[in-house]
Amino acid sequence: MIWFFLCVGLLVAGYFIYGKFIERIFGPKPELATPAITMVDGVDYVPMSDKKVYLVQLLNIAGVGPIFGPILGALYGPVAMLWIVFGCIFAGAVHDYFSGMLSVRAKGASVPTVVGEHLGTTAKHFMNLFAVVLLMLVGVVFVLSPAGLLANLTSTSLVYWIAAIFAYYILATIVPIDKIIGRFYPIFGALLVFMSVGLIVGLIVSGKGFYNTGMDFSNLHPTELPLWPLLFITIACGAVSGFHATQSPLMARCMQNEKSGRFIFYGAMIGEGIIALIWCTLGLSFYDSTEALNATLASGGPAAVVHEVSTSLLGTIGGILAILGVVILPITSGDTAFRSARLIIADFLKLTQKPMAKRLLIAIPMFILGFIISKAEFEVIWRYFGWANQTTAVVMLWTAAAYLIKEGKLHWVCTLPAMFMTAVVITYLANAPIGFGLAMNVSTVIGLVGTVLVTLAFLYKFRSSQLSEAKES
């Protein structure tokens, strides 16, 4: 457990040290009125307090990703915790901060508009399509996963829970953001805290430690799946996640002061990293070996691990409350995923969203498509979601790097994580069955060469633009 608390300490230190460094590079301006003040519409642009915005942001971004992903990542051993810590501090939280703050500066614009402003029209059109596809996949994943948990908990039909959650999503997507999301999510946050703290306390009391291998940072996966690049796709939301770039604009429309950005965007990602550490630690500690963890996963997936761990450590009642906390996370991300998709489509169509009829015009077809997608196998949807999620993060990190170059600021804080994640997604696509199925050594070479080419093209484009502007001035 000492290793767990050390990792948590590193995340907290990252918020105060590296988070402050990132904030200084961006340069928030408290004197500038935010979109929440200048564009109030009572639907999406609604001023809210910093604490409320932080809790909503945390619940928006913390779906099943920081639970299911770290449980699956625990199969690789303690090395998974290193990725959560360093990925979160140097990539994920940086990604979330810039996606939020660039949206604030762009009047609360959605991610495709922000990407288009800094990477060009082609990138904007790509992100319009890609972001909606990602959000649809997220919404469906975040219907199926909580529905499965609730079906196991209540012995009620899975179809019933899928229909019930979809019905809630429709309501939450079209009503003003302060009516459901702003009002009830802080309460859900309390349940989330109970779940997180309660399970760690239960683990400490149980006296369980890491696998018998101790602090072995080699690849311990029982089926010998490669660490590179699969770990960095498997553990996404707890380290770096493009889905967050689609969520940050929601709170960029509710935040009242730019100085709150580090607390809300960087801080919420650190909070999610702690949740991911908790579940990775539970996966590493509750079972005697990676083989034992893998056996439970094979019998019922990550949901079976959540159920077994929660009820064993906290008893029947405490376990039910903990499971409900896990259920709330995807539901509170799924509804905002569909809400973000509605806003992106509305921005593209230039369709005002103040009248209810205009919101329904987009929401109804979107949910019909989501229901159709939900009929596919969960494992297939999850694999596509994982790759699409990290690819979105790559685009957002390059966007933030472009902004910093244009502003003459230290762009490497975004360029380096963008390069790393570019190598991850290209290698994964080249190797994975959902991609080209090439050998890993070939795929890695393709990933590295592709990353070098992308980086050189990026630097050439923006350095050339800087030189042209300098000559004109």
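Residues numbered from 1 in each chain as written. Predicted model: local features only at pLDDT ≥ 70, side-chain atom pairs only at ≥ 80, totals over all residues. Heavy atoms only, no water.

1. Quick notes on the overall build of the protein
Of the regular secondary structure elements, the protein holds 18 helices and zero strands. Taking 473 residues into account, the globule formula puts the C-alpha radius of gyration at 23 Å, and the protein, at 21 Å, falls close to it. Here the protein, with 473 residues, has 59% of them falling under the buried criterion. The long-range share in the protein, meaning contacts at least 24 apart out of those at least 6 apart in sequence, stands at 84%. About 17900 Å² of surface is accessible on the protein, with carbon and sulfur atoms providing 69% of the total. Charge centroids of the protein, computed over 27 positive and 22 negative side chains, lie 10 Å from each other. (Helix = DSSP H or I, 4+ residues; strand = E, 2+ residues; numbered from the N terminus. Rg over C-alpha atoms; globule rule 2.2 N^0.38 Å. Buried < 20%, exposed > 50% of the residue type's maximum accessible area, 1.4 Å probe, protein only. Contact = heavy atoms within 4.5 Å. Areas by Shrake-Rupley, 256 points an atom, 1.4 Å probe, with all protein chains shown as cover. Lys, Arg positive; Asp, Glu negative; His and termini not counted. Charge placed at Lys NZ, Arg CZ, Asp CG, Glu CD.)

2. A few points about the side chain of Thr246
Counting through the fold element by element, Thr246 comes out in helix H12 (residues 243-252). Take Thr246: its relative accessible area is 4%, and that puts it in the buried class. In this structure the side chain of Thr246 is engaged in a polar contact, spanning 2.5 Å, whose partner is the backbone oxygen of Phe243. At 3.1 Å, the side chain of Thr246 and the side chain of Gln247 are in polar contact. Beyond its immediate sequence surroundings of up to four residues, Thr246 is in contact with Val111, Leu135 and Ser340. (Polar contact = N/O pair within 3.5 Å; in protein donor to acceptor, adjacent residues only side chain to side chain.)

3. So, the packing of aromatic side chains
One pass over the full model with this rule turns up 25 aromatic pairs. Arranged with centres 5.7 Å apart and planes meeting at 90°, the rings of Phe26 and Tyr97 form a pair that is edge-to-face. Of this pair, Phe26 sits in helix H2 (residues 18-26) while Tyr97 is found in helix H6 (residues 79-105), placing the two residues 71 residues apart along the sequence. Both rings, one in Trp228 and one in Phe420, keep their centres 6.0 Å apart while their planes meet at 65°; by these two values the pair is edge-to-face. Here Phe420 lies in helix H17 (residues 412-431) and Trp228 lies in the loop between helix H10 (181-206) and helix H11 (230-234), a separation of 192 residues in the sequence. For Trp228, a relative accessible area of 24% gives the class partly exposed. Ring pairing ties together the aromatic residues Tyr18, Phe21, Phe86 and Phe90, which thus form one cluster. Just above the ring of Tyr15 sits the side chain of Arg262; from NZ or CZ to the centre is 4.7 Å. Seen from the ring of Phe26, Lys409 lies directly overhead, with NZ or CZ sitting 5.9 Å from the centre. (Phe/Tyr/Trp six-rings, centres within 6.5 Å; stacked < 30°, edge-to-face > 60°. Lys NZ or Arg CZ within 6 Å of the ring centre and 35° of its normal.)

4. Focus on a nonpolar patch on the surface
Nonpolar side chains collect at one region of the surface, where Leu6, Leu10, Phe86 and Phe90 lie side by side and expose about 350 Å² of accessible area between them. Put simply, the parts of the chain that give the nonpolar patch at least two residues each are helix H1 (2-16) and H6. Counting through the fold element by element, Phe86 comes out in helix H6. Residue class for Phe86 comes out partly exposed when judged on its relative accessible area of 44%. (Patch = residues over 30% accessible without salt bridge, like charges linked within 9 Å, V, L, I, M, F, W, Y side chains within 5 Å. Salt bridge = Lys/Arg side-chain N within 4 Å of Asp/Glu carboxyl O.)

5. Comments concerning unusual backbone geometry
For the peptide bond that leads from Trp228 to Pro229, omega is -5°, which places it in the cis range. On the secondary structure map, Pro229 appears in the loop between H10 and H11.

6. Looking at helix H13 (residues 261-286)
Spanning 26 residues, H13 covers 37 Å between terminal C-alpha atoms, matching the ideal 38 Å at 1.5 Å per step. With 24 of its 26 residues buried, H13 lies for the most part within the structure. (Expected span 1.5 Å × (residues − 1).)

7. Quick look at empty space enclosed by the protein
According to the stated counting rule, one finds two cavities of 30 Å³ or more in the structure shown. Taken as a whole, the largest cavity encloses approximately 50 Å³ of empty space. Lining the largest cavity, in full, are Ser110, Val111, Thr246, Pro249, Leu250, Arg253, Ser340, Leu343 and Ile344. Contributions of two or more residues to the lining of the largest cavity are made by H12 and helix H14 (290-349). Residue composition of the lining of the largest cavity, grouped by class: five nonpolar, three polar and one charged. Lining the second largest cavity are Val159, Ile162, Ala163, Phe371 and Lys375. For the lining of the second largest cavity, the element with the highest residue contribution is helix H9 (residues 158-174), accounting for three residues. Considered class by class, the residues forming the lining of the second largest cavity number four nonpolar, no polar and one charged. (1 Å grid on protein atoms, 1.4 Å probe; cavity = no way out; pocket = protein on both sides within 12 Å on 5 of 7 lines; lining within 4 Å. Points joined across faces, edges and corners; volume = space filled by probe spheres on them. Nonpolar A, V, L, I, M, F, W, Y, C, P; charged D, E, K, R; others polar.)

8. A word on the confidence of the model for the protein
When pLDDT is averaged along the protein, the result is 86; 92% of the residues meet or exceed 70. Model confidence for the protein, summarised as mean pLDDT per element, is weakest for H10 at 74 and strongest for H2 at 98. (pLDDT = per-residue confidence, 0-100.)

9. What to know about the environment of Val327
Inspection of the secondary structure puts Val327 in helix H14. A relative accessible area of 4% places Val327 in the buried class. Between the C-alpha atoms of Val327 and Leu149, which are 178 residues apart in sequence, the distance is 6.9 Å. Apart from residues no more than four positions distant in its own chain, Val327 is found in contact with Pro146, Leu149 and Leu150.

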